[in-house]
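One-letter residues, chain by chain:
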Amino acid sequence: MSDVVVIGGGQAGLAAGYFLRRAGLDFVILDDQEQPGGAWQHGWQSLRMFSPAQYSPLPGWSMPAQVGETFPTADHVVDYLQRYEERYELPMHRSVSVTSVRRENDRWIVDTDAGSLNASVVISATGTWQSPYLPYFPGQDTFTGRQLHTVDYDSPDMFAGRRVVVVGGGNSAAQILAEVSTVAETLWVTRRPPLFMPDEVDGRVLFDVATAREAARRSGRDHDGVAGLGDIVMVPPVQAARDHGVLDRSPMFDRLSPTGVSWNDGREHECDAIIWCTGFRPHLGHLSGLGLTRENGHPATDGTRSIDHPGLQLLGYGDWTGFASATIIGAARTAKPAVAEIGARMART
């Protein structure tokens, strides 16, 4: 029986592992991926971080800078995560899929495709990449062109000379639109007008602002936070797209047809492909049998701790598990108090 079972070997799982190691707790990390790197190994070819390497550290060891590159590539992040795992000799078990988590008497049973494990505490750190969200529109099944989500996108080459609709008002949509527009005719549709951040704002500023907002919230003061800056970080490719007039958005269409999309006012637009950059949901199927209380579409937590089960922690899923917890530095900052709480709990038992 382990003190702690960590489910997920991406950035949040590694951050948890670092602090669990320092706390002297017995733990294992279960990862359903064959290779290190978490979701970063599955991103599109040109994917980059929003922050320089020195502003994106996991605890204990900062990400080495990439010569000649201000913003690290996905491959650089994957290499860092692999070396981090090796550096701290984290007990990783790969290609292990967790099928369910359940309570039995005073312990957790973690069922996997390689057998079951017992634990006093479970940390779920599975992220969101494996649960892409695809909204439904009338006529969606009739469209004869290609439909794909952000998770399926690799490079603009497959769209050369085609007519492409990009759906979504976030950073992924803006970055994918920027590069697809260099080889294809594009239309960008969003539910509301996107707000572009100032050119000089990157992940360093975003996290500082998010941190200031959390401090304000705890002291009862108002603070606009990141929302006060905008929605989209103006990384160089997005700046270039803006300068070429590509970032002119249209309102969200109302339905799909066999040949494209259309609006209630009668306007139609023919296209060959639709890229849905419509976000993700927490990947939490392994917890479905617990009947967790839900709040705003996700399990209710007090910080990172489940309000239903004190021995269940959820790390790295977004702001509801700690400010900016879906980022590398945010995962590190939320893992520390979570593991401290686990250590205190273990000391009482």
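Residues numbered from 1 in each chain as written. Predicted model: local features only at pLDDT ≥ 70, side-chain atom pairs only at ≥ 80, totals over all residues. Heavy atoms only, no water.

### Remarks on the overall build of the chain
Defined as follows: A run of DSSP states H or I qualifies as a helix once it reaches four residues; a run of E qualifies as a strand once it reaches two. Both are numbered from the N-terminal end. Radius of gyration: over C-alpha atoms. The globule rule applied is 2.2 Å multiplied by the number of residues raised to the 0.38 power. We call two residues contacting when some pair of their heavy atoms lies within 4.5 Å. Accessible areas in this description were obtained via Shrake-Rupley with a 1.4 Å probe; residue shielding takes into account the shown protein chains only. Two residue types count as positive, namely Lys and Arg, and two as negative, namely Asp and Glu; His and chain ends fall outside the count. Note on charges: their place is set at NZ of Lys, CZ of Arg, CG of Asp or CD of Glu.
Helix and strand content of the chain: six helices and 19 strands. Taking 2.2 N^0.38 as the reference for a compact globule, 349 residues should give roughly 20 Å; the C-alpha atoms of the chain span a radius of gyration of 21 Å, in line with that estimate. Nonlocal contacts in the chain, meaning residues at least 24 apart in sequence, comprise 63% of its contacts between residues at least 6 apart. About 16,200 Å² of surface is accessible on the chain, with carbon and sulfur atoms providing 47% of the total. Between the centroid of the 30 positive side chains of the chain and the centroid of its 41 negative side chains there is a distance of 6 Å.

### A few points about the environment of Asp-32
To keep it simple, the criterion reads: Burial classes follow relative accessibility: with a 1.4 Å probe on protein chains only, a residue under 20% of its type's maximum area counts as buried, one over 50% as exposed, and anything between as partly exposed. By the criterion applied in these results, polar contacts are pairs of N or O atoms within 3.5 Å in which, for protein atoms, one can donate a hydrogen and the other can accept it, and in which residues neighboring in sequence qualify only through two side-chain atoms.
The topology assignment puts Asp-32 in the loop between β2 (27-31) and α2 (74-87). On the basis of relative accessibility, which here comes to 29%, the residue Asp-32 falls in the partly exposed class. Placed 94 residues apart in sequence, Asp-32 and Thr-126 show a C-alpha to C-alpha distance of 9.3 Å. Those residues within four positions of Asp-32 in sequence are excluded, and the remaining contacts are Ser-95, Val-96, Ser-97 and Gln-130. Of note is the side chain of Asp-32, whose polar atom sits 3.4 Å from the side chain of Gln-130.

### Description of the sheet that holds strand β11 (residues 255-257)
The line we're drawing: For two strands to pair, DSSP has to find at least two bridges joining them. Axis definition: a line fitted to C-alpha atoms, over the contacting stretch in the case of helices. Angles run 0 to 180 degrees between N-to-C directions.
With antiparallel pairing, the three strands of this open sheet are ordered in space as β11-β12-β13. Both edges of this open sheet fall to β11 and β13 (268-270), since each of them pairs with a single strand only. The average angle at which neighbouring strand axes cross in this sheet is 25 degrees, direction not considered. Pairing geometry for strand β12 (residues 260-262) and β13, over three bridges, is antiparallel. Counterpart to Ser-262 in the pairing with β13 is Glu-268.

### A closer look at the packing of helix α3 (residues 171-180) against helix α5 (residues 236-243)
The cut-off we apply is this: Note on convention: the crossing is left-handed when the near helix lies turned anticlockwise from the far helix by less than a right angle, right-handed when the turn is clockwise.
At a minimum axis distance of 9 Å, the contact between α3 and α5 shows a crossing angle of 60 degrees. As for how α3 packs across α5, the hand of that crossing is left-handed. Contact with α3, carried on its side by Ala-174, Gln-175 and Ala-178, involves Pro-237, Val-238 and Ala-241 of α5 and no other residues of that element.

### Some details on the packing of aromatic side chains
The geometry of an aromatic ring pair is captured by the separation of the ring centres together with the interplanar angle, meaning the angle of the planes. Here is the rule we go by: Pairing of aromatic side chains requires ring centres within 6.5 Å, counting the rings of Phe and Tyr and the six-membered ring of Trp. Pairs whose planes differ by under 30 degrees are stacked, by over 60 edge-to-face, and all others tilted. The criterion for a charge sitting over a ring is simple: Lys NZ or Arg CZ within 6 Å of the ring centre, and within 35 degrees of the ring normal.
In total, this model carries 14 aromatic pairs according to the counting rule given. Between Phe-137 and Phe-253, the ring centres sit 5.0 Å apart and the planes meet at 55 degrees, which makes this aromatic pair tilted. With Phe-137 in the loop between β6 (115-124) and β7 (146-149) and Phe-253 in the loop between β10 (249-251) and β11, the pair connects residues that are 116 residues apart, well separated along the chain. There is no split in this pair, since Phe-137 and Phe-253 are both buried. Counting every residue linked through ring pairs, the aromatic cluster contains Tyr-18, Phe-19, Trp-61, Tyr-80, Tyr-84 and Tyr-88. Against the face of Trp-263 rests Arg-267, its NZ or CZ located 3.8 Å from the ring centre. Note that Arg-281 overlies the ring of Tyr-133, its terminal NZ or CZ placed 3.9 Å from the centroid.

### Thoughts on unusual backbone geometry
Phi at Ser-95 takes a positive value of approximately 55 degrees, unusual for a residue other than glycine. The residue Ser-95 is located in the loop between β3 (92-94) and β4 (98-104) in this model. The phi dihedral of Asn-296 is positive, around 55 degrees, even though this residue is not glycine. Looking at the element boundaries, Asn-296 is found in the loop between β15 (294-295) and β16 (298-299). In this structure Asn-296 comes out as exposed when scored by relative accessible area, which is 72%.

### Here we look at the nonpolar core
Basically, it comes down to this: The set of buried Ala, Val, Leu, Ile, Met, Phe, Trp, Tyr and Cys residues whose side-chain atoms join them within 4.5 Å is what this entry labels a nonpolar core.
Of all hydrophobic cores here, the largest spans 65 residues; its most connected members are Val-4, Trp-40, Phe-159 and Ile-275. Once you skip the residues sitting within four places of it in the chain, Phe-159 turns out to touch Leu-148, Tyr-153, Val-164, Val-180, Val-183, Ala-184, Ala-273 and Ile-275.

### A few points about the sheet that holds β10
Ordered in space as β7-β14-β8-β9-β10, the five strands form an open sheet in which the pairing is parallel. Two strands bound the open sheet, and with one partner strand each, they are β7 and β10. Within the sheet, the average angular offset between the axes of one strand and its neighbour, ignoring direction, is 25 degrees. Pairing geometry for β7 and strand β14 (residues 273-276), over four bridges, is parallel.

### Side note on the pairing of β2
Extensive coverage of β2 is indicated by the burial of five of its five residues. Side chains of β2 alternate between two faces, with Phe-27, Ile-29 and Asp-31 and Val-28 and Leu-30 buried alike. With four bridges connecting them, strand β1 (residues 2-7) and β2 associate as parallel partners. Paired with Val-5 across the bridge in β2 is Val-28.

### Here we look at the side chain of His-286
Tracing the sequence through the fold places His-286 in the loop between β14 and β15. For His-286, the side chain forms a polar contact with the side chain of Ser-124, separated by 2.8 Å. Not counting the four nearest positions on each side in its chain, His-286 is found in contact with Ile-7, Val-98, Thr-99, Ser-100, Val-101, Ser-124 and Thr-126.

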